[in-house]
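Here is how the chains run, residue by residue.
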Amino acid sequence: MGQSPPTSCYNNILLSIFVTILILLPQYSHATLSTNSRWIVNEGGQRVKLSCVNWVSHLEVMVAEGLSKQPIDTISKSITNMGFNCVRLTWPLFLFTNDSLSSLTVRQSFSNLGLVESIAGLQVNNPSILDLSLLHAYQAVVSGLGNNNVMVILDNHISKPGWCCSNFDGNGFFGDQYFNPDLWIQGLTNVATTFINVTNVVGMSLRNELRGPKQNVNDWYRYMQKGAEAVHAANPDVLVILSGLNFDKDLSFLRQRPINLTFSGKLVFEIHRYSFTDGKSWETGNPNQVCGQVVNDIMSRGGFLLDQGYPLFVSEFGADQRGTNVNDNRYFNCFLGLAAELDFDWALWTLVGSYYLREGVVGLNEVYGVMDWNWCDIRNSSFLKRISTVQSPFQGPGYNESRSHKLIFHPMTGLCVRRISFFQPLELGPCSESDAWDYTPTKTLTLTGTYFCLQADKSGQPAKLGIMCTNSNSKWQAISDSKMHLSSKLQDGTNLCLDVDSKNVVFTNTCKCLSKDKTCDPASQWFKIIDSTRKQNTTKSFFQSKQIAQFLGNTFSYIL
């Protein structure tokens, strides 16, 4: 029995990715990371954007999910092929503090839970780990990721192995039944020491989603500072990543009281956000209003840290990959706009297509997983294509390839506004191939290096380029609570918004969902003007003599 999966399965993964995703993979080499203001950088001072996916390894079996379906190497290659450069690999505290657990073999752990089919799958796909201890199997996964150039963030997700999280599971806050602070610090020290010379381990998240009735700010400072110091003392190479309160939604207390550590250049903060964080409000409320409220909440509880000079790692977010969850779909349009605008580091939930055992269910299907149930196919290739835009940095140290400019980003598609020629309508395309724009104080969107500006013509007609840029139809303003409608006014006073049709042609239309209508979905009209210093890979020349002469001739004929 070999370690290679069926050829058809491996080809399905590669073919699906090749056909649907064209991305610039973030550059990465195994090197110590540190922080430079709000950026994570390598030893050469160049920004390294963490574009991670969460890989679950904290449930009862204490083995990374999916290893009964595919070899470690195949899964690791799939991660890089999907454009991720990093894994947030979860671990339970007891795995590194309880010798009787950590010394169990993988075979024994599965056998104790009656998971006979999984053992058979492991024998086919990963026979080399079956009789390793759980601790050594965890190290083997980290090593397999390293062999494929994948960075790892080690995340202490929970203490007692199992599904996370609730307010009353005994794992929520310091002093809970399974959360002894001294044992936790010992566990952090053990993990930091274990991986001290493992170069693809670049960071440690100290604790996932602090929560529950015992949570309070004073104990947060007391123990998180101790934990951070313990990790740094044991392994000064890794980034130290601190989570907030209330299921990692709240770091607002840092506005008034900064954390006090003896080291610098290693501190990162993390937050989480899902659609269900706000209940069913995306489905039952007006999306413009909900988006505005959620963005304001994110900024007030954690986003402000970017302005204070700290990297912000959104270490969990995600959406139902089936595309049928209205709450998730509307949320994700808003979230992706914010992710592009702030250009923060992130980790998608989740890689996992199915679980060995979750909450008593064997083989539970994970609809948030980028892999399908069998870990052979991609669950939703269009979703991966959409997030590929934010897998690479827009700006940061080492990416001053051109002067600062704007991109016009469309979250619903993950694409940007670009021009093919004078005589073809503006359309959406890959952001790396889209036009650079300047957004002037007078609200004019001008193609960088030209006199040509974006103009509204009439409702239902393509947006156009022109050189008469002082009229109201050349002024574009972000309106609505979401601040993602780009609106212009015609000479007759009609307000129009940028929109996109089914062929990704950019046109202007009546602005959607500006009232309190709860059934309306404005996603096609949501755009973000984002900052970039990356060179655009455009091959066309704007100043093609025949085209420019014809364009100017038509323009002046119209004026006369």
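The structure displayed is predicted, hence computed values, not measured ones. (Residues numbered from 1 in each chain as written. Predicted model: local features only at pLDDT ≥ 70, side-chain atom pairs only at ≥ 80, totals over all residues. Heavy atoms only, no water.)

Asks: Sorry, what's going on with the overall build of the protein chain here?
Replies: Check the secondary structure of the protein chain and you find 13 helices and 24 strands. Taking 24 Å as the expected radius of gyration for a compact globule of 560 residues, we find that the protein chain reaches 25 Å, a close match to that expectation. Across the 560 residues that make up the protein chain, the buried fraction comes to 58%. The contacts of the protein chain with a sequence gap of at least 6 include a subset with a gap of at least 24, amounting to 73%. (Helix = DSSP H or I, 4+ residues; strand = E, 2+ residues; numbered from the N terminus. Rg over C-alpha atoms; globule rule 2.2 N^0.38 Å. Buried < 20%, exposed > 50% of the residue type's maximum accessible area, 1.4 Å probe, protein only. Contact = heavy atoms within 4.5 Å.)

Asks: Explain the packing of aromatic side chains to me, please; I cannot follow it from the model alone.
Replies: We describe a pair of aromatic rings using the distance from one ring centre to the other and the angle between the two ring planes. Summed over the entire model, instances satisfying the criterion amount to 28 aromatic pairs. Between F174 and W184, the aromatic rings sit 5.1 Å apart at their centres with planes inclined by 65°, giving edge-to-face as the arrangement. A residue pair is termed long-range when its members are at least 10 positions apart, and F174 in the loop between β5 (151–158) and α7 (181–194) and W184 in helix α7 qualify at 10 residues. With relative accessibility at 5%, the residue F174 sits in the buried group. The interplanar angle of 65° and the centroid separation of 6.4 Å between the aromatic rings of Y331 and F332 together place this pair among those described as edge-to-face. No difference in accessibility class separates Y331 from F332, as the two residues are buried. (Phe/Tyr/Trp six-rings, centres within 6.5 Å; stacked < 30°, edge-to-face > 60°.)

Asks: Is there a simple way to think about the domain arrangement of the protein chain in this case?
Replies: Bring the parts together and some accessible area is lost; that lost area is often taken as the interface size. Each assigned domain of the protein chain is listed here: domain 1 (48–390) and domain 2 (405–532). Between domain 1 and domain 2, the contact holds 18 residues from the first and 26 residues from the second. Between domain 1 and domain 2 the total buried area reaches about 1,800 Å² when both faces are included, carbon and sulfur atoms providing 53% of it. The interface formed by domain 1 and domain 2 holds one salt bridge in total. Of the charged contacts in the structure, one is a salt bridge between E341 and K528, with a shortest N-O distance of 2.9 Å. Along the contact surface separating domain 1 from domain 2 lie 12 residue pairs in polar contact (both at pLDDT 80 or more). Where the side of domain 1 that touches domain 2 is concerned, the elements lending two or more residues are α9 (281–284), α10 (287–307) and α11 (326–342). With seven residues, the single largest contributor to the side of domain 1 that touches domain 2 is α11. Its residues placed into classes, the side of domain 1 that touches domain 2 shows five nonpolar, nine polar and four charged. (Domains from an automatic or database assignment. Buried area = accessible area lost by both parts, 1.4 Å probe. Salt bridge = Lys/Arg side-chain N within 4 Å of Asp/Glu carboxyl O. Polar contact = N/O pair within 3.5 Å; in protein donor to acceptor, adjacent residues only side chain to side chain. Nonpolar A, V, L, I, M, F, W, Y, C, P; charged D, E, K, R; others polar.)

Asks: Help me understand the state of the cysteines, please; the structure alone is not making it clear to me.
Replies: Here, disulfide denotes a covalent bond that connects the sulfur atoms of two cysteines. Tallied over the entire structure, the rule returns seven disulfides. A sulfur-sulfur distance of 2.1 Å marks the disulfide that ties C291 to C334. Judged by the sign of its S-S torsion, about 80°, the cystine formed by C291 and C334 is right-handed. Of the two residues, C291 is situated in helix α10 and C334 in helix α11; the sequence distance between them amounts to 43 residues. Judged on exposure class, the residue C291 and its partner C334 are both buried. Disulfide pairing is shown between C453 and C469; the S-S distance is 2.2 Å. Handedness of the C453-C469 disulfide follows from its S-S torsion of about -100°: it is left-handed. Linking C453 in strand β18 (residues 453–455) with C469 in the loop between β19 (464–466) and β20 (477–479), this pair joins segments that are 16 residues apart in sequence. Overall, the relative accessible area of 0% leaves C453 in the buried class. (Disulfide = S-S within 2.5 Å.)

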